[in-house]
Amino acid sequence: MDSVRGTAILLLLLWHASAVPEMYGAEMPEAIRAVNAFFLPFRMPTLMLLSGMLLAKSLSKPLPTYYAGKFAMILWPYVVWVLIAKATFLDIEGMPWWHWRAWYATSYLWFLFFIGVYYLVAPAFRRLPGWVPVAAAAILGLVLPYGTTEQRMAYFAVFFFTGAWLARHRGVLDTLTQWRVAGPLAVAAAGFGVAAALWTDPLQYAVWGAPFSLAGSLFLAALYGSLERGRRRLGALRFAGRSSLVYYVSHFPVMAVISEALLGVLPPLLIAAINLVAALAVGTLLAFAKERMPVCWLFRAPRPLTRGVDRAIGWVAPRRRTATR
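Residues numbered from 1 in each chain as written. Predicted model: local features only at pLDDT ≥ 70, side-chain atom pairs only at ≥ 80, totals over all residues. Heavy atoms only, no water.

1. Observations regarding unusual backbone geometry
A negative phi angle characterises most non-glycine residues, just as the trans form characterises most peptide bonds. Note that the residue after Met 293, namely Pro 294, is joined by a cis bond; omega there is 0°. If you check the backbone angles, Ala 105 has positive phi at about 50° while not being a glycine. On the secondary structure map, Ala 105 appears in the loop between helix H5 (63–88) and helix H6 (110–121). Although it is not a glycine, Ser 107 sits at a positive phi angle of roughly 50°. Turning to its location among the elements, Ser 107 is positioned in the loop between H5 and H6. Among the residues examined, Ser 107 registers a relative accessible area of 30% and is labelled partly exposed. (Helix = DSSP H or I, 4+ residues; strand = E, 2+ residues; numbered from the N terminus. Buried < 20%, exposed > 50% of the residue type's maximum accessible area, 1.4 Å probe, protein only.)

So this is what it looks like as structure tokens:
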């Protein structure tokens, strides 16, 4: 899981390294755009799939503890990094910071917002078959206006809840990541990647294409499973995967500041390369320091605050019973 997640994060950084300068008016070669578009169906869907696979473990906790954890690990870093984004590059025209729309799936942080919504509603599906939220998300993704925030939220929910279902059906997951199955999945995924490079906009959030995106994620899992069984070292990818939140939230402001400063001074491709190196460097430094105060507060709410939220929503740890004679 860590290696697959690390690969998805690296692909995201590669994409934004060139996409952020374009946001400021730089022009990138068509080949760069085509490569990024090829991986479009696999980057964020894979991260959603893996996030969903952690749902069952979270739901095993009492609901107040569950929600307090999501406040600490999702809502808190979302708010912190929205503020950082507004201070460095994000300017929503005509939208004051106190307006609700300025906080609704903002900029590149939409991923945290989406999974926050999924974790919020997931307990309602606990007693239902695992396919129900997948089907509900797929139907919504088909009927909602294409490309709207709500349609995208439904589209990615397909992957999140599919991940939750696969985590409960490990036999199915093991079968799908065997080479006799993963080989054909790779062919199907590659074909869909080519189609995405040719017709990017119509396929970007197409619910009917979700199985092809899943095929790419499962092939990658099969590949890395084979490599790790062969004792191939994938330490760097696993490290990035374990610190995926750190790289995800930190990379865009770094790239935005560099792109704005260097645009017109250096060639766009060189700016993209600097973006990638700088984002990896900053993300790695933060990943090594993520357990230390005050750096840890960039990625997780302070523990006293988390305990306060836990108590506020109604759960108090049971008192220890004292022995009596």
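2. Let's talk about the environment of Gly 193
Looking at the element boundaries, Gly 193 is found in helix H10 (residues 179–198). Taking the C-alpha atoms as reference points, Gly 193 and Phe 42, separated by 151 residues in sequence, lie 8.3 Å from one another.

3. Some thoughts on the packing of helix H2 (residues 30–38) against H10
Two elements in contact, H2 and H10, have axes separated by 7 Å at closest approach and are oriented at 135°. Taken together, the axes of H2 and H10 lie oblique to each other. In the crossing of H2 with H10, the sense of the turn from one axis to the other is right-handed. Of H10, the residues touching H2 (which contributes Arg 33, Ala 34, Ala 37 and Phe 38) are Ala 190, Gly 193, Val 194, Ala 196 and Ala 197. (Axes fitted to C-alpha atoms, helices over the stretch in contact; angles between N-to-C directions. Parallel < 35°, antiparallel > 145°, perpendicular 65-115°, else oblique. Left-handed = near helix turned anticlockwise from the far one by under 90°. Contact = heavy atoms within 4.5 Å.)

4. Description of helix H7 (residues 131–143)
With 13 residues, H7 extends 18 Å from end C-alpha to end C-alpha; this agrees with the ideal 18 Å at 1.5 Å per step. When we look at burial in H7, the residues that qualify are Pro 133, Val 134, Ala 137, Ala 138 and Gly 141. Summarising the axial view, the buried residues of H7 lie within an arc of 135°, below the 170-degree limit, and thus occupy one face. Turned more than 90 degrees away from the buried face of H7, the exposed residues are Trp 131, Ile 139, Leu 142 and Val 143. In this structure, the buried side of H7 is in contact with helix H8 (149–168). (Expected span 1.5 Å × (residues − 1). Arc of directions from axis to C-beta.)

5. Considering the environment of Ala 68
Inspection of the secondary structure puts Ala 68 in helix H5. Linking Ala 68 and Ala 301, residues 233 residues apart in sequence, is a C-alpha distance of 9.8 Å.

6. Points about H6
An ideal rise of 1.5 Å per residue puts 16 Å on 12 residues; H6 measures up with 17 Å between its terminal C-alpha atoms. Listed in full, the buried residues belonging to H6 are Trp 110, Phe 111, Leu 112, Phe 113, Phe 114, Ile 115, Tyr 118 and Tyr 119. Each element contacted by the buried residues of H6 is listed here: helix H3 (43–52), helix H4 (55–59), H5, H8 and helix H14 (244–262).

7. As for the pattern of salt bridges
This model, assessed by the stated rule, comprises three salt bridges. With a closest N to O distance of 3.3 Å, Asp 2 and Arg 5 form a salt bridge. With a gap of three residues between them, Asp 2 and Arg 5 both fall in helix H1 (residues 2–23), about one helical turn apart. For Asp 2, a relative accessible area of 22% corresponds to the partly exposed category. A relative accessible area of 11% places Arg 5 in the buried class. With a shortest N-O distance of 3.9 Å, Arg 242 and Asp 2 are connected by a salt bridge. Remark: Asp 2 occurs in helix H1 and Arg 242 occurs in helix H13 (residues 235–242); sequence separation between them is 240 residues. (Salt bridge = Lys/Arg side-chain N within 4 Å of Asp/Glu carboxyl O.)

8. With respect to the nonpolar core
In this structure, Tyr 118, Phe 156 and Tyr 248 are the most contacted members of the largest nonpolar core, which totals 76 residues. It is H8 that contributes the most residues to this core, 10 residues altogether. Look past the residues within four positions of Tyr 118 in its chain and what remains in contact with it is Met 48, Arg 152, Met 153, Phe 156, Ala 157, Phe 160 and Phe 161. (Core = buried A, V, L, I, M, F, W, Y, C linked by side-chain atoms within 4.5 Å.)

9. Things to note about the side chain of Ser 243
As for its placement among the helices and strands, Ser 243 is situated in the loop between H13 and H14. Every residue in contact with Ser 243, bar those within four places of it in the chain, is listed here: Ala 287 and Lys 290.

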